[in-house]
Amino acid sequence: MTDRTASSLVRRPALAALGAHLLVGVAGRYVAEYLRILGARAWLVGLYGSVAVAATLAVPAARRRLRTVVGRHERVAAALFAAGGLALWLAAPYLGGVSLVVLALEPWTWVLVGLLALCLWRPAGALGLLAPLPRRATATDVGGRARSVTARRVGLLGAVGVAAGLFVGAPDFLAAYQVLVALAAAAVLTAAVTVGVFDAPDESRDRPDVRQVRPRPSLARARERLRNVPPAARSLLVGDALVRFAVGMVAVFLVVVTVHSRRVTATVLGVRLQPEATFALLLGVETLVALLGALPAARLVRRGDADAGSAARAVAGSGLLAAALFPLLFVTVPAALGALAALFGALGWYLAARPARAALLAARTGPASFDAYRVGRRVAVAPAPLLGGLLYGVAPELAFGLASCVGLLGCWEYLRFARRVRT
């Protein structure tokens, strides 16, 4: 077998998994509206987001357990679980309520059960804006990571285009969304087959695993390490975590506000877009800005030291400020395509600046404390969607306004860090 052929065989599972991951990601951005149609209240929609964040903490242990049961077929088994979870999403409207002895299961319950199965495969796929920080986040990693993320976002634009086409041509949201979920399930099954056929048996055993080199700290160890972080770095960590919490409060409700509350429509090239398709267009703007901004942001960071360079601080700070202001502006600006596209573009810049923030955090805290912070932040952010759902049930403006207040408090903490580093 030639090197070119071997490389092609290695890439096939990765490409199939990437395509499935992107379709699942787009379906995840619409799932809150799906839950609402199935009868879930706002706090239950928030619970979905909290479960998705919390699942990332439990997935590594669950994958190790799965590996002990199925051995080298772990990746195939996880993909099959994910396909089963998406099948539950697809069947949820038809399963209806199921009454047990002491419990009545509503249709939305199957979406939550499917989420758990889906997270076993690719937990970040169901998170969207709440995806975790990369494990490797040094200044030299920023450029390489920006290139890999760029390739992924090019594919994400294609997945968003598929969603937009479905929502333009379908008679209602439910029909289009179920086709999208069916496509995602088919892609996951294709990825499972591709992994099973083309992955060499010895390759999965010998592939180096970053987690074996630097294991994830326990919650107790993470708390202990974070206590020893210097004051300047503590302001950086608190500021980033607060903005992340603010984003977590509203992320899952963006589609509900766009499609149901504000009913945002648009006309593009003479085609009248319903709110579902308009939201896909806004996701495209977010992805495009994140795509175009990733490499320039990485270049700015590489020009200086990520530990103290003003460029790195400016990139990270501007992304945090954009995310902090987004929730309040999203529910107060006119429901016009141009205004909302500008806001989603700002959200895209927040995503583009994520590697720069990760590099800055890692440089100020060190590898061990950075890993501890990644764990601690996920624990802290997990209740955010549920809190956002409880407030959204009272009034959407309350949830989004309070989210901006929390985000601006995070920006204030980040400004304290920047001042301390500068002096």
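Heads up: these notes are all about the structure in this document. Here the structure is a predicted model, which is why all the values come from computation and not from measurement.

**Section: the nonpolar core**
So, point 1. Within the largest apolar cluster, 93 residues are counted, with the highest numbers of intra-cluster contacts made by Tyr 30, Tyr 177, Phe 330 and Phe 400.
So, point 2. Leaving out residues up to four positions away in the same chain, Tyr 177 has contacts with Ala 27, Tyr 30, Val 31, Tyr 34, Trp 89 and Phe 167.
So, point 3. Counting residues in hydrophobic clusters, the runner-up holds 27 residues, among them Val 229, Leu 236, Leu 237 and Val 243.

**Things to note about the packing of helix 13 (residues 310–332) against helix 14 (residues 337–352)**
So, point 1. The geometry of helix 13 relative to helix 14 is characterised by a closest axis approach of 8 Å and an angle of 145 degrees between their N-to-C directions. The two elements helix 13 and helix 14 meet at a crossing, and its hand is left-handed. Between helix 13 and helix 14, the contacting residues are Val 315, Ser 318, Gly 319, Leu 320, Ala 322, Ala 323, Phe 326, Leu 329 and Phe 330 on the first element and Leu 340, Leu 343, Phe 344, Ala 346, Leu 347, Trp 349 and Tyr 350 on the second.
So, point 2. Residues belonging to the contact of helix 13 with helix 14 are distributed by class as follows: 14 nonpolar, two polar and no charged.

**A short note on the packing of aromatic side chains**
So, point 1. By the definition in use, this model includes 15 aromatic pairs.
So, point 2. Relative to Tyr 177, the ring of Tyr 34 lies with its centre 4.6 Å away and its plane at 45 degrees, an arrangement referred to as tilted. Separated by 143 residues along the polypeptide, Tyr 34 in helix 1 (residues 3–37) and Tyr 177 in helix 6 (residues 173–198) bring together distant segments of the chain.
So, point 3. Residue classification places Tyr 177 among the buried positions, given a relative accessible area of 0%.
So, point 4. Ring geometry for Phe 326 against Phe 330: centres 5.3 Å apart, planes inclined by 15 degrees, an arrangement best described as stacked. A residue pair is termed a helical-turn pair when its members lie 3 or 4 positions apart in one helix, as Phe 326 and Phe 330 do in helix 13 at four residues. The same class applies to Phe 326 and to Phe 330, which are both buried.

**Let's talk about a nonpolar patch on the surface**
So, point 1. Residues Leu 321, Leu 325, Leu 329 and Leu 408 make up a contiguous nonpolar surface patch of roughly 300 Å² in combined accessible area.
So, point 2. With three residues, helix 13 is the single largest residue contributor to the nonpolar patch.
So, point 3. Here Leu 408 lies in helix 18 (residues 396–422).

**Side note on helix 2 (residues 42–70)**
So, point 1. Taken as a whole, helix 2 carries its principal kink of about 45 degrees at Ala 58; the proline Pro 60 stands between one and four residues after it.
So, point 2. Among the residues trailing helix 2, Gly 71 stands out with phi positive, at a value near 70 degrees.

**Observations regarding unusual backbone geometry**
So, point 1. The phi dihedral of Arg 263 is positive, around 50 degrees, even though this residue is not glycine.
So, point 2. Residue placement: Arg 263 occurs in the loop between helix 11 (254–261) and strand 3 (266–268).
So, point 3. At Leu 269, a residue that is not glycine, the phi angle is positive and equals roughly 55 degrees.
So, point 4. The residue Leu 269 is located in the loop between strand 3 and strand 4 (271–273) in this model.

**Description of the environment of Leu 157**
So, point 1. Here Leu 157 is to be found in helix 5 (residues 139–169).
So, point 2. Residues Leu 157 and Leu 22 lie 135 residues apart in sequence; the distance between their C-alpha atoms is 9.1 Å.

Rules used throughout
- Residues numbered from 1 in each chain as written.
- Predicted model: local features only at pLDDT ≥ 70, side-chain atom pairs only at ≥ 80, totals over all residues.
- Heavy atoms only, no water.
- Core = buried A, V, L, I, M, F, W, Y, C linked by side-chain atoms within 4.5 Å.
- Buried < 20%, exposed > 50% of the residue type's maximum accessible area, 1.4 Å probe, protein only.
- Contact = heavy atoms within 4.5 Å.
- Axes fitted to C-alpha atoms, helices over the stretch in contact; angles between N-to-C directions.
- Helix = DSSP H or I, 4+ residues; strand = E, 2+ residues; numbered from the N terminus.
- Left-handed = near helix turned anticlockwise from the far one by under 90°.
- Nonpolar A, V, L, I, M, F, W, Y, C, P; charged D, E, K, R; others polar.
- Phe/Tyr/Trp six-rings, centres within 6.5 Å; stacked < 30°, edge-to-face > 60°.
- Patch = residues over 30% accessible without salt bridge, like charges linked within 9 Å, V, L, I, M, F, W, Y side chains within 5 Å.
- Areas by Shrake-Rupley, 256 points an atom, 1.4 Å probe, with all protein chains shown as cover.
- Salt bridge = Lys/Arg side-chain N within 4 Å of Asp/Glu carboxyl O.
- Bend = angle between axes of the 7 residues up to and from the residue.

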